[in-house]
Each structure stands twice: as C-alpha cells, then as structure tokens.
Amino acid sequence: MTDESAEIGDRLLPLDGWHRARGARMVSFAGYQMPIQYEGIMAEHQWTRMSAGLFDVSHMGQLLFIGDAADAALELVLPGDIKGLAEGRMRYSLLLADDGGILDDLMVTRRVNDIYMVVNGATKEDDIAVLRDALPDEITINHMEDQALLALQGPKAAAALARLAPGADGLFFMEAGAFAIAGVPVWVSRSGYTGEDGFELSIPAESVQQIAALLVEQPEVKPVGLGARDSLRLEAGLPLYGHDVDPTTTPVSADLGFALAKRRREERNFPGAERILLEREQGAILKRVGLFVDGRQPVREGALVLDGEGNEVGRVTSGGHSPTLERAIAMAYVPDALAVPGTPITLSQRGKLHSATVAATPFVPHRYHRKGSLK
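Residues numbered from 1 in each chain as written. Predicted model: local features only at pLDDT ≥ 70, side-chain atom pairs only at ≥ 80, totals over all residues. Heavy atoms only, no water.

Student: Help me out: how do you make sense of unusual backbone geometry in this one?
Tutor: Trans is the common state for peptide bonds, and a negative phi is the common state for residues other than glycine. Residues T361 and P362 are joined by a peptide bond in cis, for which omega reads 5°. Its location among the elements puts P362 in the segment after β20 (352–359). You will see that A30, though not glycine, has its phi angle at about 55°, which is positive. Mapped onto the elements of the fold, A30 is located in the loop between β2 (25–29) and β3 (32–37). Judged by relative accessible area, which is 23%, A30 ranks as partly exposed. Even without being glycine, E326 reaches a positive phi, approximately 55°. (Helix = DSSP H or I, 4+ residues; strand = E, 2+ residues; numbered from the N terminus. Buried < 20%, exposed > 50% of the residue type's maximum accessible area, 1.4 Å probe, protein only.)

In structure tokens:
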C-alpha cells in the first residue's frame, strides 16, 4: 500500500505492516509514515471518548539518563523540580533555551536506577543534541531506539489493560511502573494526550506487534489514528509542539506556568529565568487561549487575530471541529488584555472574517484518574 503523502526518507514504525493490514490510511508525520485514520476520524474520536483507543506513538523519543545526580543535571535545562520527583512518579516539563523559549515539552519519570524521558518525535534529535551539550559528561544518555510506544486512552482503558497486565489499573494519574504482558516487560505510565484516563506503554519493538494484537482483542479497544488524536487533544486544550508552542513562546505566554516549580522559581536558576519570571509578574505580551468560533466552519492554524482597526495582533495555532461539543473551537495567541474568557475576538482566514469568543480550556473536562477522585 502506498500513500500520496509519503515522502522519500520517511521512517517506518515497528507496527507499519500491522497498521496497513488493518486498512489504515498512512501519512507523513515527524519523519515517519503514520496512521491518520482507520474507519474515520469522527468514529475513532467518539470511540475513544466512550471506550478505549489504541494509538501508535512510537515516533516519539524515549530517553534514559543514568548517573549520579542525573536529576540535578536535568535541572540545568528544565524548570521543574526533578530532584524532588519520587520513584514511580512522572512530571510534565519543558526543555528551555537560554532566552526562555520552549525547545520542547516532555514527560520525566524517576525509576529505580535512572530517569526516563519521553520527548516529541519531530524534535527528538535536536533535543538529544541540546541535552548532550548541556549535561555533564558523567551523565549517560541512552536513546531507546529499540523501544516502541503505545497509548491506550479512554474510560475503559484501565479495565482492558488490567486483564493483560494485572495491577496496572492500580496506578493513578502521573504514576508509572514496570509490568509484564504475556511475559514481555512493559513500562506503563498512567497519562496521555487526550484528556481521557489512559496509559502509555513502552514495549520492546520486537514484541510490540504481539502486544498490540492482544490489546485490540479486548472488546473495549480499537486502533485509532493521528486524526482523532489531534481532535481529542484540541478538545482537551493541550498544545501541540511546533504549532501551539515553539522556541518563540515562553512557559508564561503558552499558559504552561504550572511547569515552573516553586523551588525553581525561588532559586531563579533555570534557562531564561529572569525573562520568564518577569512575564509571570507582569504578564506576557501574548497569551495562548481557547476560542469558541461562531458558525460551523472551523478556522485553521495561521488564521489572523485582528483588533478593532483590522490590524493583526495574534494568530490561531490550532483549530477544528469539536465532535464532542459539535462546534468549532481553536487555540490562538492574543494580547494579554484580550485573554479573559468571554472576550469577543475577530479572526480572518483567507480574507473572510469570523467572530469568536475567548473560552476557558479545557473545552471538554479532563477525566484523569487522580488520587482522591471517584472511580
């Protein structure tokens, strides 16, 4: 099977043939051939919301950091409290440039003898180069290229996974641990990119076809492609690196200030600290917000945010139709003074004007399995 969007030099995922055998439409994304849909984006989106979707995210970078004080070394480039991270706990963080711009967003987990990190697929090679340059020589960075990564997301994900990896459903949101499925070692974290409860599974690439087959044998589970992954994360108000977040944005302007740990803010010793903390006190010039767009036609990335005189004052970074809300939604950068929910906004896309209103995110409430929450 070939696809018109294939590019010369695209790499293949360990499950490439598995996807194609299930009728996936493959597209080029982050330098890989990846499934964008199987039976349809709308159906896959709705299935994940009500049951459990299986996503192949093996294009992402999985890194191990080994060595004494690896946690302190990572704080040279991340603004999170890595030293305070307990074993089996994970944290969202940001790889920062010297000027405070965001080079990537990522997940960090402390394991027994190392620190595990998942970075974005499109930036992983650059991330590794930045990390090798910034970290002391005694810290070993292992790029786990022999590991695949699957995400199992949705309200029935825990029940499906528990049959194959007993005890994995005992994890809470942002916790992780070592399990086995059919004798295959699997590192399981309870997190994800859909706003739903769910898990990410790091699996030896040589065994991922076996594990994927076992997962989709569960009645709750169907394979889901990139298209629904994008609509789900948009409804959840989660940024996509390279679109909603990039080196020109800071944690404050990107509305990711929660990633700045209190101790690190007090120490003021992470990259770009002076700029970022000043923005935190005084506000950034532009801020990422959610938008409800009037009418049924979605606005897309690149649409302009206009002021009352028709001048460009910001841009839409993600937009589309919300299957759950049955309306058009978007994310955009707007001047800080306009970033209050309820504020009317004018958008321009291909010369056509659209009315919108600033909205609080997430658009659809998160349903993470947190400690103390009702099951």
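Student: Would you mind going over the environment of G88 with me for this structure?
Tutor: By the secondary structure assignment, G88 is in the loop between α3 (70–74) and β6 (90–96). When its relative accessible area of 15% is taken as the criterion, G88 is described as buried. Between the C-alpha atom of G88 and that of P204, which follows or precedes it by 116 residues, the distance is 20 Å. If we ignore the near neighbours within four places in the chain, the residues touching G88 are R110, M174, E175 and A176. (Contact = heavy atoms within 4.5 Å.)

Student: It is not clear to me how the environment of P341 should be interpreted in this structure. Could you clarify?
Tutor: With respect to the secondary-structure elements, P341 resides in the loop between β18 (327–335) and β19 (344–349). Counting along the chain gives 52 residues from P341 to V289, while the straight-line C-alpha distance between them is 8.4 Å. When near neighbours in sequence (up to four residues on either side) are disregarded, P341 contacts V358 and A360.

Student: Just to check I follow, could you spell out the sheet that holds strand β8 (residues 115–119) for this structure?
Tutor: Strand pairing in a sheet is mediated by backbone hydrogen bonds. Such pairs are either parallel or antiparallel. With antiparallel pairing, five strands are arranged side by side in an open sheet as β6-β7-β8-β5-β9. One side of each edge strand has no neighbouring strand; the edge strands of this open sheet are β6 and β9 (140–143). When strand polarity is set aside, the average angle formed by the axes of neighbouring strands in this sheet is 30°. Alignment of strand β7 (residues 102–110) against β8, held across four bridges, turns out to be antiparallel. Residue R110 lies in a different strand from β8, and its bridge partner there is I115. Each of β5 (61–66), β6, β7, β8 and β9 touches helix α4 (residues 124–134); the most contacted strand, β9, lies at about 170° to it. (Pairing = 2+ DSSP bridges. Axes fitted to C-alpha atoms, helices over the stretch in contact; angles between N-to-C directions.)

Student: Can you walk me through the packing of aromatic side chains in this structure?
Tutor: Given two aromatic rings, one states the distance between the centres and the angle between the planes to describe the pair. According to the stated counting rule, one finds four aromatic pairs in the structure shown. Each ring, one from Y116 and one from W187, has its centre 6.5 Å from the other, and the planes form 70°; the classification is edge-to-face. One end of the pair, Y116, is in strand β8; the other, W187, is in strand β12 (residues 184–189), and 71 residues separate them in sequence. You can call Y116 buried: its relative accessible area is 5%. Centroid distance F173 to Y368: 4.1 Å. Interplanar angle 5°. Geometry classified as stacked. Of the two residues, F173 sits in the loop between α5 (157–164) and β11 (176–181) while Y368 sits in the segment after β20, which places them 195 residues apart along the sequence. Considered together, F173 and Y368 belong to a single accessibility category, that of buried residues. (Phe/Tyr/Trp six-rings, centres within 6.5 Å; stacked < 30°, edge-to-face > 60°.)

Student: Explain the pairing of β19 to me, please; I cannot follow it from the model alone.
Tutor: Residues in a regular strand project their side chains so that they alternate between the two faces of the sheet. Alignment of strand β16 (residues 304–306) against β19, held across three bridges, turns out to be antiparallel. Pairing of L306 across the sheet is with T346, part of β19. Alignment of β19 against β20, held across six bridges, turns out to be antiparallel. When the bridges of β20 are listed, T346 appears paired with S355. Here β19 folds back onto β20 in antiparallel fashion, the turn holding two residues, of which R350 has a positive phi close to 55°.

Student: Teacher, can you tell me more about a negative patch on the surface here?
Tutor: Together, E125, D126, E145, D146 and E206 make up a negatively charged patch on the protein surface. Secondary-structure assignment places E145 in the loop between β9 and β10 (147–153). (Patch = residues over 30% accessible without salt bridge, like charges linked within 9 Å, V, L, I, M, F, W, Y side chains within 5 Å. Areas by Shrake-Rupley, 256 points an atom, 1.4 Å probe, with all protein chains shown as cover. Salt bridge = Lys/Arg side-chain N within 4 Å of Asp/Glu carboxyl O. Lys, Arg positive; Asp, Glu negative; His and termini not counted. Charge placed at Lys NZ, Arg CZ, Asp CG, Glu CD.)

Student: What is the right way to look at the nonpolar core in this model?
Tutor: Soluble globular proteins tend to pack their nonpolar side chains together in the buried interior. One finds L152, L161, V188, L201 and L215 to be the most contacted residues of the largest nonpolar core, which totals 31 residues. A total of five residues in this core trace back to one element, the largest contributor, which is α5. In this view, L161 contacts L152, A168, I181, V188, F199, L201 and L215; residues no more than four positions away in its chain are not counted. In this structure, M107, M174, Y193 and Y368 belong to the second largest nonpolar core, which totals 26 residues. (Core = buried A, V, L, I, M, F, W, Y, C linked by side-chain atoms within 4.5 Å.)

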